[in-house]
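# Structural description and commentary
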Amino acid sequence: MSLTWPRERRITRRAEYTACYDGGERRYTKYFVVFARSSEDLGNGRLGLAVTKKCGNAVERNRIKRVLRAFFRLHQHEMPCMDIVVTPKKHLRADKFCLALAESELLPLFGELSSLSAVETPATPSEGAA
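Residues numbered from 1 in each chain as written. Predicted model: local features only at pLDDT ≥ 70, side-chain atom pairs only at ≥ 80, totals over all residues. Heavy atoms only, no water.

Along the protein chain, the regular secondary structure elements total three helices and four strands. Secondary structure elements in the protein chain, listed N-terminal to C-terminal, are α-β-β-β-α-β-α. The buried share of the protein chain, taken over its 130 residues, is 39%. Put simply, 84% of the contacts in the protein chain that link residues at least 6 apart link residues at least 24 apart. (Helix = DSSP H or I, 4+ residues; strand = E, 2+ residues; numbered from the N terminus. Buried < 20%, exposed > 50% of the residue type's maximum accessible area, 1.4 Å probe, protein only. Contact = heavy atoms within 4.5 Å.)

Structure below.
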């Protein structure tokens with residue numbers, strides 16, 4: 001099991017972020033707003049992080065991003081096949097933010113988003129079946 005997060009599993013372009021914001025589902029937790037939409041790449045889900053200056057200075061923002069990336073890296077095999085953008089709320093304190101808090105906030109969303117993903121992408125019949 002590889003714990004890397006390759007470039008093809010990341011949302012990198014502004015248009016991809018805005019597609020998630022505009023056309024995706026929103027889920028709210030105590031510390032995060034999560035935007036999710038069905039992925040164009042059916043094999044893997046992709047992740048985008050949007051940590052704004054409202055969350056603190058560069059050191060605090062980098063800590064939040066580092067912990068979130070570690071969470072998604074550790075739980076990548078449970079992640080639904082969707083484009084997911086995670087935006088922390090401004091009252092999330094970086095010095096109190098840890099992997100356990102990320103797990104308690106975001107793991108319950110995985111099941112919810114997986115069921116949403118299954119509803120959005122119905123199974124297609126195989127080409128060989130008549």
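This is not the end of the story, as more comes after the structure.
Another point: helix 2 (residues 58-74). With 17 residues, helix 2 extends 24 Å between its outermost C-alpha atoms, agreeing within 8% with the 24 Å of an ideal straight helix rising 1.5 Å per residue. Arg61, Ile64, Val67, Leu68, Phe71 and Phe72 are the residues of helix 2 that are buried. Along the axis of helix 2, the buried residues cluster in a sector spanning 135°; they form a single face. The backbone nitrogen of Val59 lies 3.2 Å from a side-chain oxygen of the residue at the head of helix 2, namely Asn57. (Expected span 1.5 Å × (residues − 1). Arc of directions from axis to C-beta. Polar contact = N/O pair within 3.5 Å; in protein donor to acceptor, adjacent residues only side chain to side chain.)

Next up on the list: the confidence of the model for the protein chain. Mean pLDDT over the protein chain works out to 84, with 85% of the residues at or above the 70 mark. Here helix 3 (residues 99-120) is the element of the protein chain with the lowest mean pLDDT, 82, and helix 2 is the one with the highest, 94. Confidence over residues 122-130 falls short of pLDDT 50; this stretch has zero contacts with residues more than four positions distant or in other chains. (pLDDT = per-residue confidence, 0-100.)

Below, the discussion takes up the packing of aromatic side chains. In this structure the tally under the stated criterion is six aromatic pairs. Ring geometry for Tyr17 versus Tyr21: centroids 6.5 Å apart, planes at 40°, classification tilted. With Tyr17 and Tyr21 both in helix 1 (residues 14-23) and four residues apart, the pair spans about one turn of that helix. These aromatic residues form a ring-pair network of at least three members: Tyr17, Tyr21 and Phe35. (Phe/Tyr/Trp six-rings, centres within 6.5 Å; stacked < 30°, edge-to-face > 60°.)

On the basis of which strands lie adjacent, the open sheet formed by four strands has the order 1-2-4-3 and mixed pairing. Since the sheet does not close on itself, it has two edges, and those belong to strand 1 (25-28) and strand 3 (46-49), each with one partner. When the angles between neighbouring strand axes are averaged without regard to direction, this sheet yields 20°. The pairing of strand 1 with strand 2 (residues 32-38) spans four bridges and is classified as antiparallel. (Pairing = 2+ DSSP bridges. Axes fitted to C-alpha atoms, helices over the stretch in contact; angles between N-to-C directions.)

The volume enclosed by the largest pocket comes to roughly 160 Å³. Lining the largest pocket are Trp5, Arg10, Ile11, Tyr17, Leu47, Gly48, Leu49, Arg69 and Arg73. If you list the elements that add at least two residues to the lining of the largest pocket, you get strand 3 and helix 2. Tallying contributions element by element places strand 3 first for the lining of the largest pocket, with three residues. A per-class count over the lining of the largest pocket returns five nonpolar, one polar and three charged. (1 Å grid on protein atoms, 1.4 Å probe; cavity = no way out; pocket = protein on both sides within 12 Å on 5 of 7 lines; lining within 4 Å. Points joined across faces, edges and corners; volume = space filled by probe spheres on them. Nonpolar A, V, L, I, M, F, W, Y, C, P; charged D, E, K, R; others polar.)

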